[in-house]
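A structural walkthrough
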Amino acid sequence: MRKLFRRADIIIIIAVLFLSFLLFIPNLFNNDSLVASVYVDGEQTEEINLDKVEGDYAFSPKKGTVISVKKGAICFSEATCRDKICVDSGWLTAKGQTSACLPERVVITINGTDKTDMMTY
Amino acid sequence: MKVIDKLRNLNKRALIAVTVCITLIVGIVVFDAVRKSSEYSTTTVAMGTVVTLRLFGPDGEENAQLVLENIDETEKALLSRNEKNSDVDRINSAPGTAVSVSYETAEIIADSLAVSKKCEGVFDITVGEITKLWDFGGENQRLPSDEEIKERLPFVTYSNVKVTDTTVTIAEGQSLDLGAIGKGAACDRIKTLLSSTNTDSAVISVGGSLLLYGKKDFTIGITNPENSQNSMGSLELSETFVSTSGNYEKFFVENDKKYHHILDATTGYPADSRLMSVTVVCDSGLLSDALSTACYIRGYQQSLELLSQYNAQAVFIFKDKTVRITDGLKDKFTLTDESFVVAE
């Protein structure tokens, strides 16, 4: 009985399948970066790869708050609200950490989780 | 055989083209399936606190939007005393009158009053006039005078609230503050909502009060009360509710004294507790919130019976960094910060 595919055809098919698998590899290994998201009024306004920050800088995502960024860390550095809980919470440096200025509805969170799925507080 | 012969005679280029097309189609279908079953997460501010959603399953973004709308409804239509025309606002605006409210609001208030009765009033949602004086986290946060508290304390009496299936009546001089259970009640409503969607599993934090939904097992970090960005231990849990009350969340310092936001409703002052925090795990968001507050105020020994009445479990963290865990959580707890000591 004659074969539908020759050996060369099978090699080509396997090669194409292998190449298509290679396309997924970047997605499998890109979860290690420390990426911070800034949300203002529920909308994400900034996404910052903290591992790739070169030089310290600060910006104001909304009037009344200032966020400072340095390599591997991000924090609220100024807030006009009374309690300053967001400023007092200090630098965020690990996945899953979150800081919020509730009066101004600004939230910083470092994406992903380290060892826990969520924190209770 | 004829078909195979025809295929056999196909140009090799055509064969490669067909293979590439099939691979791409399969790839797109698989990618789409993976995308739909993957996680969708978002963080925002709602109910005056940070809300974080992690949904697993298809249509995560759409379902997350439904959850956020549900939280908004819980706050604005039902439980917030600051939202004009919410159920609670209308109750507070008409003391002495039976106010028509949604069945859900009436049930939430009735459940809260039941906890008050069982904990001898240390947790009491009629504490509204006193929380207004302190205004923790608000524009008018301050240390009230003893006279101001004494004047209002007689009205903090849960037994003076009358609830039917659809009406709530408070007494003259009273006002309700559901802040201590609002986030947990929101988690209860979210669970009902998610069960009507195609969400496989989810972990949702409404200001640190958690809903764990679906078959997935979750690792939940318990905040280190001395450094709230880090955890001191973790719990392995599935489908339940978790809530923590701690003296580190909202507070101010005046005359070198720390005043935290967990008020003992029998005194009108922050609970003078040996504890830094209590984390409660049980099958109701409202109850986990109410019990964590009540247990923080009552302390370890006096909380054990209360917890057992609700089949709830808890982790108590003392100011001396001792940790006490109820039997049902002992094998689920892992200490991650060695500066704390788990008592046997």
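Residues numbered from 1 in each chain as written. Chains lettered and ligands numbered in written order. Predicted model: local features only at pLDDT ≥ 70, side-chain atom pairs only at ≥ 80, totals over all residues. Heavy atoms only, no water.

Section: the interface of chain A and chain B
Defined as follows: Whether two residues touch is decided by their heavy atoms; if any such pair falls within 4.5 Å, the residues are in contact. Two parts placed together each lose some accessible area under a 1.4 Å probe, and the buried area is that loss summed for both. Take a side-chain nitrogen of Lys or Arg and a carboxyl oxygen of Asp or Glu: if they are within 4 Å of each other, that pair is a salt bridge. Counting of polar contacts relies on pairs of N or O atoms within 3.5 Å, with two restrictions inside protein: one atom must be capable of donating a hydrogen and the other of accepting it, and residues adjacent in sequence are counted only when both atoms are side-chain atoms. In this description a helix means any DSSP run of H or I spanning at least four residues, a strand means any run of E spanning at least two, and both kinds are numbered starting from the N terminus. When residues are grouped by polarity, Ala, Val, Leu, Ile, Met, Phe, Trp, Tyr, Cys and Pro land in nonpolar, Asp, Glu, Lys and Arg in charged, and all others, Gly among them, in polar. Paired strands, in this sense, are two strands between which DSSP finds at least two bridges.
Contacts between the two partners involve 36 residues from chain A and, on the opposite side, 51 residues from chain B. Interface area, chain A with chain B, both sides summed: about 3700 Å², of which 59% is carbon and sulfur. Of all residues in chain A, Met118, Thr120 and Tyr121 of chain A bury the most surface against chain B, accounting for 24% of the area lost on that side. Where chain A packs against chain B, one counts one salt bridge. Arginine 54 of chain B is paired through a salt bridge with aspartate 117 of chain A; the nearest N and O atoms lie 3.5 Å apart. Applying the counting criterion to the chain A and chain B interface returns twelve residue pairs in polar contact (both at pLDDT 80 or more). Residue assignment for the side of chain A that touches chain B shows that the elements contributing at least two residues are α1 (7-22), β6 (98-101), β7 (106-110) and β8 (118-120) of chain A. The greatest single-element share of the side of chain A that touches chain B, amounting to six residues, is contributed by α1 of chain A. Residues that form the side of chain A that touches chain B fall into these classes: 16 nonpolar, ten polar and ten charged. In this structure, β8 of chain A lies alongside strand β7 (residues 209-224) of chain B, joined through three bridges in parallel fashion. Along β7 of chain B, the bridge assignment pairs methionine 119 of chain A with glycine 221 of chain B.

Structural notes on the sheet that holds strand β4 (residues 162-163) of chain B
Consider a sheet: its strands pair through backbone hydrogen bonds, and that pairing is either parallel or antiparallel. Residue and element names in this part refer to chain B. Strand order across the open sheet formed by three strands is β3-β5-β4, with antiparallel pairing between neighbours. Bordering the open sheet on either side are β3 (99-100) and β4, each of which pairs with just one other strand. The pairing of β3 with strand β5 (residues 167-169) spans two bridges and is antiparallel. Note on β5: the bridge partner recorded for serine 100 is threonine 167.

Thoughts on the state of the cysteines
Residue and element names in this part refer to chain B. Basically, it comes down to this: By disulfide we mean two sulfur atoms from cysteines, separated by a distance within 2.5 Å. Burial status follows relative accessibility: with a 1.4 Å probe on protein chains alone, a residue under 20% of its type maximum counts as buried, one over 50% as exposed, and anything between as partly exposed.
Enumeration over the complete set of coordinates arrives at zero disulfides over all chains. Unpaired in terms of disulfides, cysteine 295 finds its nearest cysteine sulfur in cysteine 119, a separation of 8.7 Å. For cysteine 295, a relative accessible area of 0% puts it in the buried group.

So, the side chain of serine 277 of chain B
Residues and elements named next belong to chain B. Relative to the helices and strands, serine 277 is located in strand β13 (residues 275-282). Residue serine 277 is classed as buried on the basis of its relative accessible area, which comes to 0%. If sequence neighbours within four positions are ignored, serine 277 has contacts with Pro225, Thr244, Ser245, Gly246, Tyr248, Tyr296, Val315, Phe316 and Ile317.

Focus: the pairing of strand β5 (residues 73-79) of chain A
Every regular strand shows the same layout, with side chains that alternate between the two sheet faces. Residues and elements named next belong to chain A. Judged by how many residues are buried, β5 sits mostly within the fold: five of seven residues are covered. Relative to β5, strand β4 (residues 65-70) is paired through six bridges, and the arrangement is antiparallel. Considered in β5, the bridge of valine 66 is made with glutamate 78. The loop that links β4 with its antiparallel partner β5 comprises two residues; one of these, glycine 72, has a positive phi angle of about 80°.

Considerations on the packing of helix α3 (residues 60-79) of chain B against helix α8 (residues 179-194) of chain B
Residue and element names in this part refer to chain B. Which entries qualify depends on this criterion: Angles shown run from 0 to 180 degrees and are taken between the N-to-C directions of axes, each axis being a line fitted to C-alpha atoms and, for helices, limited to the stretch in contact. For this classification, under 35 degrees means roughly parallel, over 145 means roughly antiparallel, 65 to 115 means roughly perpendicular, and everything else is oblique. Two helices crossing with the near one rotated counterclockwise from the far one by less than a right angle form a left-handed crossing, whereas a clockwise rotation gives a right-handed crossing.
Interaxial distance between α3 and α8 falls to 10 Å at its minimum, and their mutual angle equals 135°. With respect to each other, α3 and α8 are oriented oblique. Judged by the twist between their axes, the crossing of α3 over α8 is right-handed. Contacts between α3 and α8 involve Leu66, Val67, Asn70, Ile71, Glu73, Thr74, Leu78 and Leu79 from the former and Gly182, Ala185, Ala186, Arg189, Ile190, Leu193 and Leu194 from the latter. Taken together, the residues of the contact of α3 with α8 break down into ten nonpolar, three polar and two charged.

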